[in-house]
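Observations on the model geometry
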Amino acid sequence: MIGRIRGKLIEKSPPLICVDVNGIGYDVHVPMNDLYDLPALGEEVTLYTHFVVREDVQQLYGFLNDTERQTFRTLIKITGIGPRTGLAILSGISAEQLASAVEEEDLNLLCKIPGIGKKTAERIILELRGKLGAIVPAATSASPSPAMQRQDITNALMALGYSERELQRVLKELDPAIDVTEGIKQALKLLSK
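Residues numbered from 1 in each chain as written. Predicted model: local features only at pLDDT ≥ 70, side-chain atom pairs only at ≥ 80, totals over all residues. Heavy atoms only, no water.

1. Topic: the UniProt feature "domain: Helix-hairpin-helix DNA-binding motif class" (unreviewed entry) in the protein chain
In the numbering used here, UniProt assigns the feature "domain: Helix-hairpin-helix DNA-binding motif class" (unreviewed entry) to residues 73–92 and 108–127. Here residues 73–92 runs as 65% helix and 0% strand, with 16 Å between its end C-alpha atoms. Taken end to end, residues 108–127 comprises 70% helix and 0% strand; its first and last C-alpha atoms sit 17 Å apart. (UniProt positions renumbered as here; feature names shortened; annotations may be inferred. Helix = DSSP H or I, 4+ residues; strand = E, 2+ residues; numbered from the N terminus.)

Set out below in structure tokens:
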């Protein structure tokens, strides 16, 4: 398939651009964030691309770096997120901001993107958690906050069938900076007493 395209930028009509490659003009959909970073008309541009073929349409999506392309490919694997929505997400926020929003479970940031409601934002967070770290290395540089770790411990124990009242009593006894795995082990010991 078409993995990368290099040629002269001959037209900009957001979100489409046209790139002339040896006399053939390729219409490429690009995120708005990339549109502002493109060179001037008549200059050479290189884009990492993703080619979508459906019954009724063939579309080429272009990105200035491979991180964005890989993030886009990961996004469109989510049920209900197609190429158009994936492009809208990367037009609203950068790949780094998306990775950070997923890791921090920032629904508000995701819901600010046109076309993304609360349920879609929750699905994005649920399905992308832990997947963007390899694509966007900056997202994994910060360790999870104690509040996030505490929430992960609570979620794991609730999934095991413990009530909130039981968990509140036990979580008070745990060290606030404890990691998730050790926190679950200690909480289970305390719950078994």
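Picking up where we left off.
2. Description of helix H2 (residues 66–75)
Listed in full, the buried residues belonging to H2 are Glu68, Arg69, Thr71, Phe72, Thr74 and Leu75. Turning to H2, the residues buried within the fold contact helix H1 (32–37), strand E4 (44–53), strand E5 (58–63), helix H3 (83–92), helix H4 (95–104) and helix H6 (118–128). (Buried < 20%, exposed > 50% of the residue type's maximum accessible area, 1.4 Å probe, protein only. Contact = heavy atoms within 4.5 Å.)

3. With respect to the pairing of E5
Counting buried residues in E5 gives five out of six residues, a clear majority hidden from the surface. By the bridge criterion, six bridges tie E4 to E5 in an arrangement that is antiparallel. Note that in E5 the partner of phenylalanine 51 across the bridge is leucine 60. Counted along the chain from E4 to the antiparallel partner E5, the turn is four residues long. (Pairing = 2+ DSSP bridges.)

4. Description of the environment of glycine 82
Position of glycine 82 among the secondary structure elements: in the loop between H2 and H3. On the accessibility criterion, glycine 82 (22% relative accessible area) is partly exposed. For the pair formed by glycine 82 and arginine 165, sequence separation is 83 residues and the distance between their alpha carbons is 41 Å.

5. Regarding the packing of aromatic side chains
The full count for this structure, using the stated rule, is two aromatic pairs. An angle of 35° between the planes, with centres 5.2 Å apart, marks the rings of tyrosine 61 and phenylalanine 72 as tilted. On the criterion of sequence distance, the pair formed by tyrosine 61 in strand E5 and phenylalanine 72 in helix H2 is long-range, its members being 11 residues apart. Neither residue differs from the other here; tyrosine 61 and phenylalanine 72 are each classed as buried. Summarising the aromatic geometry, the rings of phenylalanine 63 and phenylalanine 72 are spaced 5.0 Å apart at their centres and angled 45° between planes, so their arrangement reads as tilted. By the burial criterion, phenylalanine 63 is buried, and phenylalanine 72 matches it. An aromatic cluster of three or more residues is present, and its members are Tyr61, Phe63 and Phe72. (Phe/Tyr/Trp six-rings, centres within 6.5 Å; stacked < 30°, edge-to-face > 60°.)

6. What about the nonpolar core?
Judged by nonpolar contacts, the single largest core of 26 residues is most densely connected at Leu75, Ile89, Leu98, Leu110, Ile124, Leu128 and Leu132. Secondary-structure elements contributing two or more residues to this core are E5, H2, H3, H4 and H6. No other element matches H4, which puts five residues into this core. Domain assignment of the residues forming this core places at least three in each of domain 1 (4–63) and domain 2 (66–128). Beyond its immediate chain neighbours, meaning those up to four positions away, leucine 98 contacts Thr71, Leu75, Ile89, Ile93, Leu110, Ile124, Leu128 and Leu132. Of all hydrophobic cores here, the second largest spans 12 residues; its members include Val19, Leu35, Leu38 and Leu60. (Core = buried A, V, L, I, M, F, W, Y, C linked by side-chain atoms within 4.5 Å. Domains from an automatic or database assignment.)

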